[in-house]
Amino acid sequence: MATIKKEDCPCPRRKKATCPHKPYRVTYREPGGRAGKLRQVSFKKSEDAEAFAVKVERDKDLGTYVNPKGGMRPFEEIWREWVDAGTLEESSKRNYHSVYENHYGPFFGKKPIGSITPSMIQEWEANQRERGYKGSGISGRKNVLSSVFNYAVAAEIIGRNPCKKANPRRRSGQFLTPVTDDDIPSMEEVLGIIAETPKIIRAGFWAMAGCGTRPGESLALAEESMDWERGILAVDHQVSAYGCQGISGYRRGVKRGTKHRTFEEARKAPVPESVNEIFNDHVDAFGTWGDRGWFFESPRLNDRHPSYDWFLNQFKAAAKAAGTPRYTPKSFRHFFVSEAIHADIPLFEVAAWVGHRSTRTTELVYGHLVRRAMERGARTMHNRLGLGLAPFKGLIAPPRLTPDEGSVDDWDEVA
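In this text, all values refer to a predicted model and were calculated from it rather than measured experimentally.

Describing the sheet that holds strand E3 (residues 38-43)
Across the sheet, three strands lie side by side as E1-E2-E3; this open sheet has antiparallel pairing. What marks the edges here is a single partner per strand, and that holds for strand E1 (3-6) and E3. Averaged over all pairs of adjacent strands, the angle between their axes in this sheet comes to 25°, without regard to strand direction. Here strand E2 (residues 24-29) runs beside E3; their pairing, made up of six bridges, is antiparallel. Along E3, the bridge assignment pairs Val26 with Val41.

In structure tokens form, the structure reads like this:
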């Protein structure tokens, strides 16, 4: 537990309020029990020391503790580290550094990364607008900026991403990108990509196309996820760059919970009989591992999940080999939703299967497919009712709203 100790300074009492000394010293250990490094931080006021002591213990309990000294590193140093940490070509790295010099360096370069606040992000956006840049360009550069802060959070350099709180409150789905016909592969294209996929991960691609799962969710399929008899998949885990140590035993691995859902929630998706057989064949050929009976294992390390990047690279290579390099794993989800809407499956069912927040998201993303479904519905009802009403044409007379001239009795009857 963090302890607070007051150490008196030699300054006269009348000058203590303005003296430079910080008499309240907080002593605590970093995570790791007795093996954790002992640290001390001094404060001018007792309330500041108490607040810090409470926060540091809370962060240790939640697993969000970061070394305060990490936040003192300048932004430009973290930027270079972020660029070099990726798998970019040298030409791409040079382009990133050029963008840094023009857009990020003058504003953030020398600042400690931990001192950058959401208000500073908003000031930077205002500065970009003053320099005449368009909103779309500013938004794109802000996404890159957010990626740098996400890296710093994941590397335990800072505790939060200031870009997230700098986003103005917006309507749900305002920035969702509608899907077009070019984004949706045909059945032949789906089969072509899967045919070029290594067998060890092929069932994961079938899960995206046949069950609407996301890439990370596909990698987290397990025996416990499946209701084999009923053909239902419970989607409640996902593989990510930084997973839950309590489940995987490693910082990089699987975590419980999926997008828009907590670890206590699970969505369910139907498993076609053909895909059910593919899952069965995969288990027969490659077996399972771990307590949950995970389907997919790292090709290099035993008892470890495949990396998310490896999965994406396998899809990219397969799509290129199939002659359709424009498609991404998300294209398979688009295929699933497209086929479901074309089959006139209720929109609320489709939204629940793929894990959308609401049908509003499905409508915004797949609006052109929804409109076509409505046209088909109107056409179907016309074919059904139009034929049935044919014998009644000319026999259905509208009511008379005004009486004929001189016909009082008829008016009374209508009234």
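Description of the nonpolar core
Nonpolar side chains in soluble globular proteins tend to be buried together. Counting 34 residues, the largest nonpolar core has Phe205, Phe279, Phe315 and Phe332 as the members making the most contacts within it. Counting residues per element, the ones that place at least two in this core are helix H7 (187-195), helix H8 (199-211), strand E5 (232-235), helix H11 (273-286), helix H12 (308-321) and helix H13 (329-342). The greatest single-element share of this core, amounting to eight residues, is contributed by H8. Contact partners of Phe205, with chain neighbours within four places excluded, come to Ile194, Thr197, Phe311, Gln314, Phe315 and Phe332. With 20 residues, the next largest nonpolar core counts Phe108, Ile121, Ile138 and Ala152 among its residues.

Structural notes on the packing of H8 against H12
One can describe the packing of H8 onto H12 by two numbers: an axis separation of 11 Å at closest approach and a directional angle of 85°. Considering their axes alone, H8 and H12 lie roughly perpendicular with respect to each other. Judged by residue contacts, Ile200, Ile201, Phe205 and Met208 of H8 engage Trp310, Phe311, Gln314 and Phe315 from H12. The residue makeup of the contact of H8 with H12, split by class, is seven nonpolar, one polar and no charged.

With respect to unusual backbone geometry
Unlike most non-glycine residues, Asp303 shows phi in positive territory, near 55°. Here Asp303 shows up in the loop between H11 and H12. Positive phi, normally seen in glycine, also occurs at Asp344, with a value near 65°. With respect to the helices and strands, the residue Asp344 is situated in the loop between H13 and helix H14 (347-354).

Here we look at the sheet that holds E5
Within the open sheet, the three strands sit side by side as E4-E5-E8. Their pairing is antiparallel. Because the sheet does not close on itself, it has two edges, and the strands there are strand E4 (226-227) and strand E8 (267-270). Bridging between E5 and E8 involves four bridges; their strand directions are antiparallel. From the neighbouring strand, Val235 faces E8, where its bridge partner is Arg267.

Here we look at the pairing of E2
Across four bridges, the pairing between E1 and E2 is antiparallel. Within E2, the residue paired with Lys6 across the bridge is Tyr24.

A few points about the confidence of the model for the chain
Summary statistics for the chain give a mean pLDDT of 80 and a share of 78% for residues scoring 70 or more. At the low end of the mean pLDDT range in the chain sits helix H10 (residues 245-248), at 40; at the high end sits H7, at 95. Note that pLDDT drops below 50 for residues 242-252; the model gives that stretch 31 contacts with residues more than four away or on any other chain.

The rules behind each value
- Residues numbered from 1 in each chain as written.
- Predicted model: local features only at pLDDT ≥ 70, side-chain atom pairs only at ≥ 80, totals over all residues.
- Heavy atoms only, no water.
- Pairing = 2+ DSSP bridges.
- Helix = DSSP H or I, 4+ residues; strand = E, 2+ residues; numbered from the N terminus.
- Axes fitted to C-alpha atoms, helices over the stretch in contact; angles between N-to-C directions.
- Core = buried A, V, L, I, M, F, W, Y, C linked by side-chain atoms within 4.5 Å.
- Buried < 20%, exposed > 50% of the residue type's maximum accessible area, 1.4 Å probe, protein only.
- Contact = heavy atoms within 4.5 Å.
- Parallel < 35°, antiparallel > 145°, perpendicular 65-115°, else oblique.
- Nonpolar A, V, L, I, M, F, W, Y, C, P; charged D, E, K, R; others polar.
- pLDDT = per-residue confidence, 0-100.

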